[in-house]
Amino acid sequence: MKAFRQLAIAGAALLALATAQADINVGVTVSATGPAASLGIPEKNTVALMPTTIAGQKVNYIVLDDASDTTTAVANTRKFITEHKVDLVIGSTVTPNSLAMIDAVAESGTPMISMAASARIVEPVDAKKRWVFKTPQNDIMMTLAIVTHMVDSGVKKAAFIGFADAYGEGWWGEFSKLAQLKGLQIVANERYNRTDTSVTGQVLKIAAARPDAVLIAGSGTPAALPQKALKERGYTGKIYQTHGVANNDFLRVGGKDVEGTLLPAGPVLVAAQLPADHPVKKSALDYISKYEAANGKGSVSTFGGHAWDAGLLLAAAAPEALKKAQPGTPAFRAALRDAIESAKNVAGAHGVFNMSPQDHLGLDQRARVMVEIKNGAWVLIK
């Protein structure tokens, strides 16, 4: 009897030890190939820089490529949940993929941090989206910066061309609404696909409307296509892009045709140019230093910054969740969700995050600056 009791105690101790040593598993789906590859590759590179231990607990990152495809993003998400039993999903790179992933994480009670921009990913915070957070700035925040700059620059008539998907539609919804409020006349509204190789028809319509400025609502290198077409047809008005183009691949593909482009961006894009007292300068430079040490000088991207900020939110939330439950359990996933929602003053590459039950982005106006492309470089508009 005594031997049996000792054996039971030893077994319980071993079980407790195994439970205490359970790893935190994180599934990451990125668009490392396909039309959004210029966004997804720096995100994938950034995952390699994330902490492998948090509060003494080992962290494993399972990274899959969704090839910029919505169906694959959902399949990756379900694989993370059913096969890898992940505690958190990070991804995807683009808005359509992220929106499609929501059902899977909500059904399983797994928190998710998206690296895509549309506010619709996290708004409204309902029964499903209570499990979803994101790190990129909302399109409404960036749209306000663009419309304000247009009006202050004397623009009276503007045209719009955007992706024929949730990203473009989200931007159109915010841009058209704010333009009306600011007395800005929209004279053309066009769409194109991420995989298109020509936008001649759309650009001819825009040119015929004679706008003072054009807003292109695209992301990555495909956003250069309308701009190059406009330049080829002699358009000389102002051209605005969204923060979806803030990487060096856009500069490379656009070349001389993107000179003078105006866009809102996260502070990390021009961190070295920020004033010394900017609240994000230190944290943005920290990310740049780590990324460039691993990938080469000048290699940093704002999109990698969105992944970095997701990692910072995990690092801030995991210690609190570990006080309540062990990784690999529904209780831990729920506690991790609650802790992310309670995260305060998390200084990242793009801004300072203050989450709440009503706000699953948590960024304010400190998370944006206006930038112009000059001589093939990003220049802060002061």
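Located above this text is the structure these notes cover.
As the structure is a computational prediction, the values presented were derived from the model and not from experiment.

A.B. asks: What exactly am I supposed to notice about the pattern of salt bridges here?
C.D. replies: Two side chains carrying opposite charge are able to pair once their charged atoms lie near each other. Counted under the stated rule, the structure contains 14 salt bridges. Notably, a salt bridge pairs arginine 233 with glutamate 232, separated by 3.6 Å at the nearest N-O pair. Judged by its relative accessible area of 37%, arginine 233 is partly exposed. Across the salt bridge formed by lysine 323 and glutamate 320, the nearest N and O atoms sit 3.1 Å from each other. On the basis of relative accessibility, which here comes to 39%, the residue glutamate 320 falls in the partly exposed class.

A.B. asks: What should I look at first to understand the environment of methionine 112 in this one?
C.D. replies: Among the secondary structure elements, methionine 112 is positioned in strand β5 (residues 112–114). For the pair methionine 112 and asparagine 295, spaced 183 residues apart in the sequence, the C-alpha separation amounts to 27 Å. Ignoring anything within four residues of it in the chain, the contact list for methionine 112 reads Leu88, Val89, Gly91, Ser98, Met101, Val105, Trp131, Val132 and Phe133.

A.B. asks: How should the side chain of lysine 129 be read in this particular structure?
C.D. replies: The residue lysine 129 is located in the loop between β5 and β6 (132–134) in this model. Buried within the structure, lysine 129 lacks any salt-bridge partner; its nearest side chain of opposite charge belongs to aspartate 126, at an N-O separation of 5.2 Å. Of note is the side chain of lysine 129, whose polar atom sits 2.6 Å from the backbone oxygen of arginine 120. Filtering out sequence-adjacent residues up to four positions away, lysine 129 remains in contact with Ile102, Arg120, Ile121, Val122, Glu123, Pro124 and His360.

A.B. asks: Would you explain empty space enclosed by the protein in this entry?
C.D. replies: Left-over empty space is what a probe sized like a water molecule reveals as it rolls over the atoms. Within this structure, the stated rule accounts for one cavity of 30 Å³ or more. Approximately 120 Å³ is the volume found for the largest cavity. Around the largest cavity, the lining comprises 15 residues; the ones closest to its centre are Leu39, Thr93, Ala117, Tyr167 and Phe303.

A.B. asks: Got a minute to help me understand the nonpolar core in this structure?
C.D. replies: Across soluble globular proteins, you tend to see nonpolar side chains buried next to one another. Met150 and Trp378 are the most contacted members of the largest nonpolar core, which has 52 residues in total. Counting residues in hydrophobic clusters, the runner-up holds 37 residues, among them Ile90, Ile113, Met115 and Leu313.

A.B. asks: Hey, could you run me through unusual backbone geometry in this one?
C.D. replies: Only a minority of non-glycine residues have a phi that is not negative, and only a minority of peptide bonds are not trans. Following glycine 91, the chain continues to serine 92 via a peptide bond in cis, the omega torsion being -5 degrees. That bond from glutamate 123 to proline 124 is cis: its omega, -10 degrees, falls within 30 degrees of zero. In this structure, proline 124 sits in the loop between β5 and β6. Although it is not a glycine, lysine 85 adopts a positive phi angle of roughly 50 degrees. Its location among the elements puts lysine 85 in the loop between α3 (70–82) and β4 (88–91). A relative accessible area of 49% means that lysine 85 is categorised as partly exposed.

A.B. asks: Quick question: what am I supposed to make of helix α6 (residues 166–181) here?
C.D. replies: An α-helical segment advances 3.6 residues per turn. Residues three or four places apart therefore align on the same side. The first and last C-alpha atoms of α6 sit 23 Å apart over 16 residues, in line with the 22 Å expected at 1.5 Å per residue. Restricting attention to buried positions, one finds in α6 the residues Ala166, Tyr167, Gly168, Gly170, Trp171, Glu174, Phe175, Leu178 and Ala179. With a side-chain oxygen lying 2.9 Å from the backbone nitrogen of tyrosine 167, the N-terminal cap of α6 falls on aspartate 165. Just beyond α6, the residue with positive phi is glycine 183, at close to 75 degrees.

A.B. asks: Where do I start with the sheet that holds strand β2 (residues 53–54) in this structure?
C.D. replies: Strand pairing in a sheet relies on backbone hydrogen bonds, with the paired strands running either antiparallel or parallel. Pairing is mixed in the open sheet, where six strands are placed in the order β2-β3-β1-β4-β5-β6. In this open sheet, the two strands that pair with only one neighbour each are β2 and β6. Of the strand pairs in this sheet, β5 and β6 are connected by three bridges, and their pairing is parallel. Among the inter-strand pairings, serine 114 is bridged to a residue of β6, identified as lysine 134. Here helix α2 (residues 37–47) sits on the sheet and contacts β1 (24–30) and β3 (57–65); the angle it forms with β1, its principal contact strand, is near 160 degrees.

Thresholds, definitions, all that
- Residues numbered from 1 in each chain as written.
- Predicted model: local features only at pLDDT ≥ 70, side-chain atom pairs only at ≥ 80, totals over all residues.
- Heavy atoms only, no water.
- Salt bridge = Lys/Arg side-chain N within 4 Å of Asp/Glu carboxyl O.
- Buried < 20%, exposed > 50% of the residue type's maximum accessible area, 1.4 Å probe, protein only.
- Helix = DSSP H or I, 4+ residues; strand = E, 2+ residues; numbered from the N terminus.
- Contact = heavy atoms within 4.5 Å.
- Lys, Arg positive; Asp, Glu negative; His and termini not counted.
- Polar contact = N/O pair within 3.5 Å; in protein donor to acceptor, adjacent residues only side chain to side chain.
- 1 Å grid on protein atoms, 1.4 Å probe; cavity = no way out; pocket = protein on both sides within 12 Å on 5 of 7 lines; lining within 4 Å.
- Points joined across faces, edges and corners; volume = space filled by probe spheres on them.
- Core = buried A, V, L, I, M, F, W, Y, C linked by side-chain atoms within 4.5 Å.
- Expected span 1.5 Å × (residues − 1).
- Pairing = 2+ DSSP bridges.
- Axes fitted to C-alpha atoms, helices over the stretch in contact; angles between N-to-C directions.

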